[in-house]
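Geometric and topological summary
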Amino acid sequence: MFQSIDFSLLALTAPGWGGALLNGFLRSIQLAAGGYAVGIIIGILGASAKLYGGLVLRDLAEIYTMVIRAVPELVLMLLFYYVGTDLISRAAQAMGFTGFDIDGLLAGIIVIGLVQGGYATEVIRGAIKAVPHGQIEAAQAFGMSPVTVMRRVTIPAMTPHAMPGMANLWMIATKDTALLAVIGFSELTQVTRQAASATRAYFLFFLSAAALYLLLTLLSNVVLRWYETRARRGMIAAR
Amino acid sequence: MNDQPAIVIRDLHKRFGDLQVLKGVSLTANAGEVIAIIGGSGSGKSTLLRCINMLEHPTSGHIAIQGEAYAMRPSRAGGLQPADRRQVQRIRAQLGMVFQNFNLWPHRTVLENVTEAPVHVLGVPRDQAIARARQVLERVGLGEKLQTYPVHLSGGQQQRAAIARVLAIDPLAILFDEPTSALDPELVGEVLGVIRDLADEGRTMVLVTHEMAFARDVASRVIYLRDGRIEEEGTPEQLFGDPQSAHLKQFIRSVM
Ligand SMILES: Nc1ncnc2c1ncn2[C@@H]1O[C@H](COP(=O)(O)OP(=O)(O)OP(=O)(O)O)[C@@H](O)[C@H]1O
Ligand SMILES: [Mg+2]
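In every chain, residue numbers begin from 1 and rise along the written sequence. Naming scheme: in the order in which they are written, chains are lettered from A and ligands are numbered from 1. Residues qualify for local features only when their pLDDT is at least 70, as the model is predicted, and side-chain atom pairs are given and counted only at 80 or more; totals for whole chains, interfaces and linings, by contrast, use all residues. Computation of side-chain values covers all heavy atoms of the structure but excludes hydrogens and water.

Moving on: the confidence of the model for chain A. Confidence scores per residue from the predictor, reported as pLDDT, run from 0 to 100. In this model, chain A carries a mean pLDDT of 89, and residues with pLDDT of at least 70 account for 96%. At the level of individual helices and strands, chain A shows its lowest average pLDDT in helix α3 (residues 73-94) of chain A, which scores 86, and its highest in helix α5 (residues 133-141) of chain A, which scores 96. Only DSSP runs of H or I covering at least 4 residues are called helices, and only runs of E covering at least 2 are called strands; the numbering of each starts at the N terminus.

Here we take up the packing of helix α5 (residues 155-167) of chain B against helix α6 (residues 185-200) of chain B. Residues and elements named next belong to chain B. Each axis is a line fitted through C-alpha atoms, taken for helices only over the stretch in contact, and angles between the N-to-C directions span 0 to 180 degrees. Between α5 and α6, whose axes approach to 8 Å, the crossing angle comes to 20°. Considered as vectors, α5 and α6 are oriented roughly parallel to each other. Considering how the two elements wind past one another, α5 and α6 form a crossing that is right-handed. On α6, the residues touching Gly-155, Gly-156, Gln-157, Gln-159, Arg-160, Ile-163 and Leu-167 of α5 are Leu-187, Glu-190, Val-191, Val-194, Ile-195 and Leu-198. As a working rule, the residues Ala, Val, Leu, Ile, Met, Phe, Trp, Tyr, Cys and Pro are called nonpolar, Asp, Glu, Lys and Arg charged, and the rest polar, with Gly in that last group. Looking at the contact of α5 with α6, its residues break down into 7 nonpolar, 4 polar and 2 charged. These descriptions rest on fixed angle ranges, namely under 35 degrees for roughly parallel, over 145 for roughly antiparallel, 65 to 115 for roughly perpendicular, and the rest for oblique. Throughout, a crossing is termed right-handed when the near helix is turned clockwise from the far one, and left-handed when it is turned anticlockwise from it by less than a right angle. It only takes one pair of heavy atoms within 4.5 Å for two residues to be counted as in contact.

With that out of the way, let us pick up the nonpolar core. Within the largest apolar cluster, 99 residues are counted, with the highest numbers of intra-cluster contacts made by Ile7(B), Leu137(B), Ile163(B) and Phe176(B). Domain boundaries shown here were taken from an automatic or database domain assignment. Both of domain 1 (1-94 + 171-256) and domain 2 (101-170) of chain B provide at least three residues apiece to this core. If we ignore the near neighbours within four places in the chain, the residues touching Ile7(B) are Leu27(B), Thr28(B), Ala29(B), Ile52(B), Ala64(B), Ile65(B), Ala173(B), Leu175(B) and Val206(B). In this description, a nonpolar core means a group of buried Ala, Val, Leu, Ile, Met, Phe, Trp, Tyr and Cys residues linked to one another through side-chain atoms lying within 4.5 Å. Under the scheme applied here, a residue whose accessible area is under 20% of the maximum for its type counts as buried, over 50% as exposed, and between as partly exposed, the area being computed with a 1.4 Å probe on protein chains only. Leu21(A), Ala195(A), Phe205(A) and Leu212(A) belong to the second largest nonpolar core, which has 15 residues in total.

Given below as structure tokens:
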């Protein structure tokens, strides 16, 4: 079966598609990493709103996470992308900017980040609740401001508890980038589809894409495991 | 700098929901005094102590640290709440608190625990903070444990590290909430030894404790709290040698 596969189609330069594939892969990683980072920031803010916020903030965070978890991710992404870009360009026009163009990569990152943020809020909220309150009280008793307490004590102390859930979210982020193909982002899945339909070598290209996604996951696992060990410093070794 | 008492509390009331925990407590701690607060479980000792640095917000009453009164405003729950968060932070940074469960930060080494507040609250340069931390850790007998994480310390060592963490900010008063209650009996002595040293050195301290012999030994004044009120107050000799109230007599008999 492998005799019939023309591996020269994977050459880095045209007429091979290897270069295009790697570019798509790079774009996928950028989208995933950016979206993940945005998701973490939203998650910390969302968890703080739920745990420490007033009634209004708490309700807003509650509605946000409920919507994110209830609606299919593809629908959310289409919604955020089209409604978001539409709103921004209208706002730009209203303020007198014409020919305003929204950066595609940034838009994709924000779309993924908004979805990730909903799940991250729940993961981080649970992790913060697992931190013994005395540690936070000790920080307050020294006169730390709420932001300093968050930065110096709550976040590092909750990180080990958040790691399993957040590692999972990273995997989801890498795969969610593929959904952006529907909107036309030239990330790995989209490029793969183009290459496959141009050459009719479906098997070769989709298998290559799968291998690249797998490679990313394996590398991520190494990094995540190293980081979890670091985050757990000072804790009794589990297992 | 000023000769105001370190801590002044006037007519302090504290309610948790329908539970009236403090029912009008007044107390003054002058510089250099060691005040021991004794009393049965649930009498409000911890709550009183935690009001001093606003970890609990009083329902009514007045608290001043070194002459500076907390600015308070009515809270929605019908009590009081601090009106100025920055003032609370500023006052807290001058008070040290030692907790029953140590409450060290587990993700930081002993040294990092001790430099944390100086560097990140008081803005002391890191190298100065480290020099000072070494000094105070040496004092409490942990000079060899700088790079150790709290989880690898015994309870007594953890509590001594927590005391060093407080000494690092050179507080104008230290609040202790049953600092030896979570310790195995054989580790109590080493912690009490450190506290005794601080008393001898003239530090202002308010100490909630069940260690009556120790209170008798180091306190300049003892306060017996019962059911949210100060039932009796005086020198250790008065309170332990010649208790007036029947409750106190019985309390002393039950714990000694
Ligand atoms: N955050 C809180 N919410 C509700 N009730 C509380 C709270 N903190 C304390 N209480 C109640 O207030 C009362 C006094 O508590 P406090 O901790 O001040 O007692 P204590 O004298 O320190 O007792 P112990 O010797 O057991 O430590 C207790 O009945 C306790 O259950
Ligand atoms: Mg108590």
